[in-house]
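Listed below, chain by chain, are the residues.
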Amino acid sequence: KRFLVKTSNIFEENLLNNVARSLSHEAKKILDGILEESPDNDNNEGNASEFFQKKKFILSDFKKDTSHLKKDSILYEISKYDFLKSINLPDKLADTHSRKLLLKYATYVKKRAPNDLRAQTDILRYGQLALFCTVKTQQSADTLTDLLLKILHRIERRAEQHVDRYVLSEIKKVKGKFDTLLTL
């Protein structure tokens, strides 16, 4: 059993080391910025769409679920997705590792406080945050897809209701409609 635990620890250490080494300097700066607590982050002045486009995200923004079928919520999700894509994480992170492993690190980071993550070594911190952001990018894309499908369903339902109301109003206007329907 000790051999399996040791092997697992070596694998995870190598994994996080490889992930951390594959990150650019700019990506590491952005990942460090996610761990900062920004007091001006809650400042929502002016137009909501401008706020969401300029927002600097922190770890707590990624921990909460804000996907609602409202304009501001959709803009917020889009800006979160754009922010995650701007980190320029290597594409191979999502492709070369199992989903289960990625979710393990995403759950680990989600449960930790920013101070706990900041206290870790650079390799652990960058590796875990990169895997967390990879999962969050995928989840954000899924959320945006779901919201788009909900919007399309709402449009379809409203269009059907509009057509039904229009047809019913036209039927009411036709004189002798029952005789016409009877002959049909």
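Here goes a summary of the coordinates provided. The shown structure was predicted, so the numbers you read here are calculated from the model rather than taken from an experiment. (Residues numbered from 1 in each chain as written. Predicted model: local features only at pLDDT ≥ 70, side-chain atom pairs only at ≥ 80, totals over all residues. Heavy atoms only, no water.)

### Some words on the overall build of the protein
Part 1 of the reasoning: For the protein, the count of helices and strands is ten helices and zero strands.
Part 2 of the reasoning: Mapped in sequence order, the helices and strands of the protein form the string α-α-α-α-α-α-α-α-α-α.
Part 3 of the reasoning: For the protein, the share of sequence-separated contacts (at least 6 apart) that also reach a separation of at least 24 residues comes to 69%.
Part 4 of the reasoning: Total accessible area on the protein is roughly 12600 Å²; 56% of this is exposed by carbon and sulfur atoms. (Helix = DSSP H or I, 4+ residues; strand = E, 2+ residues; numbered from the N terminus. Contact = heavy atoms within 4.5 Å. Areas by Shrake-Rupley, 256 points an atom, 1.4 Å probe, with all protein chains shown as cover.)

### Digging into the side chain of Gln 128
Part 1 of the reasoning: Tracing the chain through its elements places Gln 128 in helix α9 (residues 122-173).
Part 2 of the reasoning: Ignoring anything within four residues of it in the chain, the contact list for Gln 128 reads Leu 16, Tyr 105, Tyr 108, Val 109, Leu 117 and Gln 120.

### Quick look at the nonpolar core
Part 1 of the reasoning: In terms of nonpolar packing, the biggest core is built from 31 residues, with Leu 31, Ile 34, Ile 87, Leu 131 and Cys 133 touching the most fellow members.
Part 2 of the reasoning: Secondary structure elements with two or more residues in this core: α1 (2-22), α2 (25-34), α4 (59-63), α5 (71-86), α7 (99-111) and α9.
Part 3 of the reasoning: When residues no more than four places from it in sequence are discounted, the contact partners of Ile 34 are Phe 57, Ile 58, Leu 59, Phe 62, Phe 83, Ile 87 and Cys 133. (Core = buried A, V, L, I, M, F, W, Y, C linked by side-chain atoms within 4.5 Å. Buried < 20%, exposed > 50% of the residue type's maximum accessible area, 1.4 Å probe, protein only.)

### Here we look at the packing of aromatic side chains
Part 1 of the reasoning: All chains considered together, the criterion is met by five aromatic pairs.
Part 2 of the reasoning: For the ring pair Phe 57 and Phe 62, a centre distance of 5.8 Å and an interplane angle of 40° mean the geometry is tilted. An identical accessibility class is assigned to Phe 57 and Phe 62; each is buried.
Part 3 of the reasoning: The interplanar angle of 65° and the centroid separation of 5.7 Å between the aromatic rings of Phe 57 and Tyr 76 together place this pair among those described as edge-to-face. Here Tyr 76 lies in helix α5 and Phe 57 lies in the loop between α3 (48-54) and α4, a separation of 19 residues in the sequence. Grouping residues by exposure puts Phe 57 and Tyr 76 together as buried.
Part 4 of the reasoning: A cation over a ring is seen here: Lys 104 above Tyr 105, with NZ or CZ 5.7 Å from the ring centre.
Part 5 of the reasoning: Across the ring face of Tyr 126, the terminal group of Arg 125 is positioned such that the distance to the ring centre comes to 4.9 Å. (Phe/Tyr/Trp six-rings, centres within 6.5 Å; stacked < 30°, edge-to-face > 60°. Lys NZ or Arg CZ within 6 Å of the ring centre and 35° of its normal.)

### Some words on the environment of Lys 29
Part 1 of the reasoning: Relative to the elements of secondary structure, Lys 29 occurs in helix α2.
Part 2 of the reasoning: Overall, the relative accessible area of 55% leaves Lys 29 in the exposed class.
Part 3 of the reasoning: Put simply, Lys 29 and Ile 87 are 58 residues apart on the chain and 9.2 Å apart in space, counted from C-alpha to C-alpha.

### Focus on the layout of surface pockets
Part 1 of the reasoning: Of the pockets and cavities examined, the largest pocket occupies roughly 250 Å³.
Part 2 of the reasoning: Lining the largest pocket we find 13 residues, and of these Lys 85, Leu 89, Asp 91, Thr 134 and Thr 137 sit closest to its centre.
Part 3 of the reasoning: Those elements that provide at least two residues to the lining of the largest pocket are α5 and α9.
Part 4 of the reasoning: Sort the elements by how many residues they give to the lining of the largest pocket and α9 lands first, with five residues.
Part 5 of the reasoning: Here the residues of the lining of the largest pocket sort into seven nonpolar, four polar and two charged. (1 Å grid on protein atoms, 1.4 Å probe; cavity = no way out; pocket = protein on both sides within 12 Å on 5 of 7 lines; lining within 4 Å. Points joined across faces, edges and corners; volume = space filled by probe spheres on them. Nonpolar A, V, L, I, M, F, W, Y, C, P; charged D, E, K, R; others polar.)

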